[in-house]
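Here's the letter readout for the chains.
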Amino acid sequence: MMTDRLLAYFMDNKDQYISGEQLSREFGCSRTAIWKQINVLRLNGYSFDAIPRRGYRLIGEPSRFSVHSLLAHVKTEILGRSIRLFDEVDSTQNVAHKLVREGAQEGTIVIAEAQTAGRGRMGRKWHSPKGKGIWMSLVLKPEIPLPLLSQLTLLIAVALCRSVRRVTGLEAGIKWPNDLLVDGRKISGILLESSAEDERLHYVIAGIGISANLEEKDFPPELRNAATSLLIETGREIEREVLIGDFLGQLEEFYRLYTQQGFTPIRLLWEALSVSLHRPIRVNTERGVVEGSAVALDETGALIVELEDGKRMTLYSGEVHLTKPDS
Ligand code: BT5
C-alpha cells in the first residue's frame, strides 16, 4: 500500500527531487522506511536518481511489452501465431509446459516481463528482472529423433546470434553449446526442455533469455564480470519487440531449412559464428575436465575437441571455458 502511495506521489511530482525528509514527513515514517520502499520500486523496474541532500527523482518507469507493437513486428507463419504475455511468472518454461499439456499448438510463445524463478541448465538460476529483458519460451514440435535434439539448440543459437548482430550491430558470437557472448561476456542463453517417450519427442520448450536493457546495477554483483546486456554494450535501449520479431523470422527460416536440408547448412553457419572453435578451451564434462582446442561440430551437433596429444574427442555436453584471449 505504502509503495503504491509513494509511487503516486513521485508520479504527481515528476521531474522534481523530493528529499527523504519531506517524504518521511508526508508518509509518517522513517527515512530508512522510505529508502526501503524506493528499493522495492527499483526492483519493479522504476529508476530513481538519488542526490545527497536533494533527494530522489523518478527518472524511469518499467517498460511494458506492447501487444500492438509485437504484432506489428512478428511476421512469421508458425512461430508466434499465439503469443501469451505475462507480467510476472515463476518461469516462462513452466507456463509453456502447462499450456502444451492443455493443447497449445506449435509456435505458441510465452513472454513475461519478470521471472521469479527463471532457470538455466542443471539447476542454475537465470536472473530475470522486470521489464529489462526478453524472457520467453517457445513451443516446438519437431519431427526429429531424440538424440538429435542438441542440433535444435545450435539452430536456435545461430538464429539468435544473427538476429542480435543485425538488430544491434554488435559482434555477438556463440559459445558451445548455448551461450551468446559479446566481448567474452554472456548476453543470452538457451534452455531446451523436452517431453519424450521411447525416443519419440512429444514436444520441446525452447527457453530463450536475452539480457536486453539491463544496466550494470541490474545485475547481481556475482554476475557483473560474466554477464552483460545489449544496452551496456551498445549504449542504447533496445526495442525488444523489434528483436523478438527479427529473431522469430530468422528462426522460422532456419527451422524450414533444417527440415528440408538437414543439419549441414546450420552447422556451417554455426561454425562461422562460433567463438569456441580453433582456440584453447577447457571443458568440464560429466567425466572430468578436458583441455584442448575445439576443431568442428560433428553431424549430430557434438563438439570435436583435439587434445594436446593430437587425439580427438567428441563431447555431447559440458561447460566450455575459453582459456586464452583471442589471438
Ligand atoms: C542458460 O543456462 O544460459 C539458459 C538460460 C535460459 C533462460 C530462459 S529465460 C526464458 C526461459 N524461462 C526460464 O526459466 N529459462 C528460460 P546456463 O547455460 O545454465 O547458464 C546459466 C548462467 O548464466 C548462470 O549461472 C549465470 O552465470 C548466467 N546468467 C544468469 N542470468 C543471466 C542474465 N540475465 N544474463 C546473462 N547471464 C546470466
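In the block above lies the structure referred to throughout.
Residues numbered from 1 in each chain as written. Predicted model: local features only at pLDDT ≥ 70, side-chain atom pairs only at ≥ 80, totals over all residues. Heavy atoms only, no water.

### Concerning the overall build of the chain
For clarity, the cut-off: Note on conventions: DSSP H or I runs of at least 4 residues are helices, E runs of at least 2 residues are strands, and numbering of each starts at the N terminus. Only C-alpha atoms enter the radius of gyration, while the globule expectation follows 2.2 Å times N to the 0.38, with N the number of residues. Note on classification: 1.4 Å probe, protein chains only; a residue is buried when its accessible area is under 20% of the maximum for its type, exposed when over 50%, partly exposed between these limits.
Assigned secondary structure in the chain consists of nine helices and 14 strands. Radius of gyration (C-alpha) of the chain: 22 Å, near the 20 Å computed for a compact globule of 327 residues. Each principal axis of the C-alpha distribution contributes one length, and for the chain these read about 70 × 45 × 35 Å. Counting every position in the chain, which comprises 327 residues, the buried fraction comes to 51%.

### Description of the site of the ligand
Put simply, the rule is: Nearness is defined per residue: one heavy atom within 4 Å of the molecule or strand is enough. We call two N or O atoms a polar contact when they sit within 3.5 Å, provided that within protein one can donate a hydrogen and the other can accept it, with sequence-adjacent residues counted only if both atoms are side-chain atoms. Accessible surface is estimated by sampling points in the Shrake-Rupley manner with a 1.4 Å probe; for residues, cover comes only from the protein chains shown. Each residue receives one of three labels: charged for Asp, Glu, Lys and Arg, nonpolar for Ala, Val, Leu, Ile, Met, Phe, Trp, Tyr, Cys and Pro, and polar for the others, Gly being one of them.
In the vicinity of the ligand lie 28 residues, with Ser91, Arg119, Arg124, Lys186 and Ser211 positioned nearest. At 3.4 Å, a side-chain N or O of Asn178 approaches an oxygen atom of the ligand. Taken by itself the ligand offers 800 Å² of open surface, and the protein chains cover 93% of this. Elements with a minimum of two residues in the shell around the ligand: helix H5 (92-101), strand S5 (134-140), strand S8 (185-197) and strand S9 (200-210). It is S8 that provides the largest number of residues to the shell around the ligand, a total of four residues. Looking at the shell around the ligand residue by residue, the class counts come to nine nonpolar, 13 polar and six charged.

### Brief notes about the environment of Thr300
What counts is decided by this rule: The contact criterion used is simple: two residues touch if any of their non-hydrogen atoms lie within 4.5 Å.
Along the chain, Thr300 turns up in the loop between strand S11 (288-297) and strand S12 (303-307). Measuring from C-alpha to C-alpha, the distance between Thr300 and Gln151 comes to 6.4 Å, with 149 residues separating the pair along the chain. Non-local contacts of Thr300, meaning those with residues more than four positions away in its chain, are made with Leu148, Ser150, Gln151, Phe263 and Tyr316. Here Asp298 takes part through its side chain, which lies 2.8 Å from a polar atom of the side chain of Thr300. A polar side-chain atom of Thr300 sits 3.4 Å from the main-chain amide nitrogen of Ala302.

### A few points about the sheet that holds strand S3 (residues 82-89)
Stated formally: Strand pairing requires that DSSP identify at least two bridges connecting the strands. Lines fitted to the C-alpha atoms define the axes, with helices restricted to the stretch that makes contact. Angles between their N-to-C directions range from 0 to 180 degrees.
Strand order in the open sheet formed by seven strands is S3-S4-S5-S9-S8-S7-S6, and the pairing between neighbours is mixed. Each edge of the open sheet is held by one strand with a lone partner, namely S3 and strand S6 (173-175). With strand direction ignored, the average angle separating the axes of adjacent strands in the sheet is 20°. One ladder, built from four bridges, connects strand S7 (residues 179-182) with S8; its direction is antiparallel. Across the sheet, the residue bridging to Asp179 is Gly189, located in S8. In the packing of H5 onto the sheet, the strands contacted are S3, strand S4 (108-115), S5, S8 and S9, and the crossing angle to S9 comes to about 150°.

### Brief notes about the side chain of Glu319
Mapped onto the elements, Glu319 comes out in strand S14 (residues 319-322). With relative accessibility at 19%, the residue Glu319 sits in the buried group. At a separation of 3.0 Å, a polar atom in the side chain of Glu319 contacts the side chain of Arg121. Here the side chain of Glu319 touches Arg124 through a polar contact of 3.0 Å, side chain to side chain.

### Observations concerning the sheet that holds S14
Within a beta sheet, neighbouring strands are joined by backbone hydrogen bonds and run either parallel or antiparallel to one another. A sheet is described by the order of its strands in space; here five strands give the open sequence S13-S12-S11-S10-S14, paired in antiparallel fashion. Two strands close off the open sheet at either side, each with one partner strand: strand S13 (312-315) and S14. Recorded for the sheet is a direction-independent mean angle of 45° between the axes of neighbouring strands.

### Quick notes on the pairing of S4
Convention followed: Assignment of crossover handedness uses the view with strands pointing away from the viewer, where a clockwise path from the first strand over the helix to the second indicates a right-handed crossover.
The buried fraction of S4 amounts to eight of the eight residues, a majority that puts the element mostly inside the structure. Here S3 runs beside S4; their pairing, made up of seven bridges, is parallel. Within S4, the position partnered with Val89 by the bridge is Gln115. This β-α-β element, S3 to H5 to S4, shows right-handed connectivity. Bridging between S4 and S5 involves four bridges; their strand directions are antiparallel. Opposite Ile111, over in S5, you have Met136 as the bridge partner.

### Structural notes on unusual backbone geometry
Residue Pro177 is reached from Trp176 by a cis peptide bond, and omega for that bond is -5°. You will see that Asp15, though not glycine, has its phi angle at about 70°, which is positive. Structurally, Asp15 can be placed in the loop between helix H1 (2-12) and helix H2 (20-27). By relative accessible area, which is 63% here, Asp15 ends up exposed. For Arg53, which is not glycine, the phi dihedral falls at a positive 70°. As for its placement among the helices and strands, Arg53 is situated in the loop between strand S1 (47-51) and strand S2 (55-60). A relative accessible area of 85% means that Arg53 is categorised as exposed.

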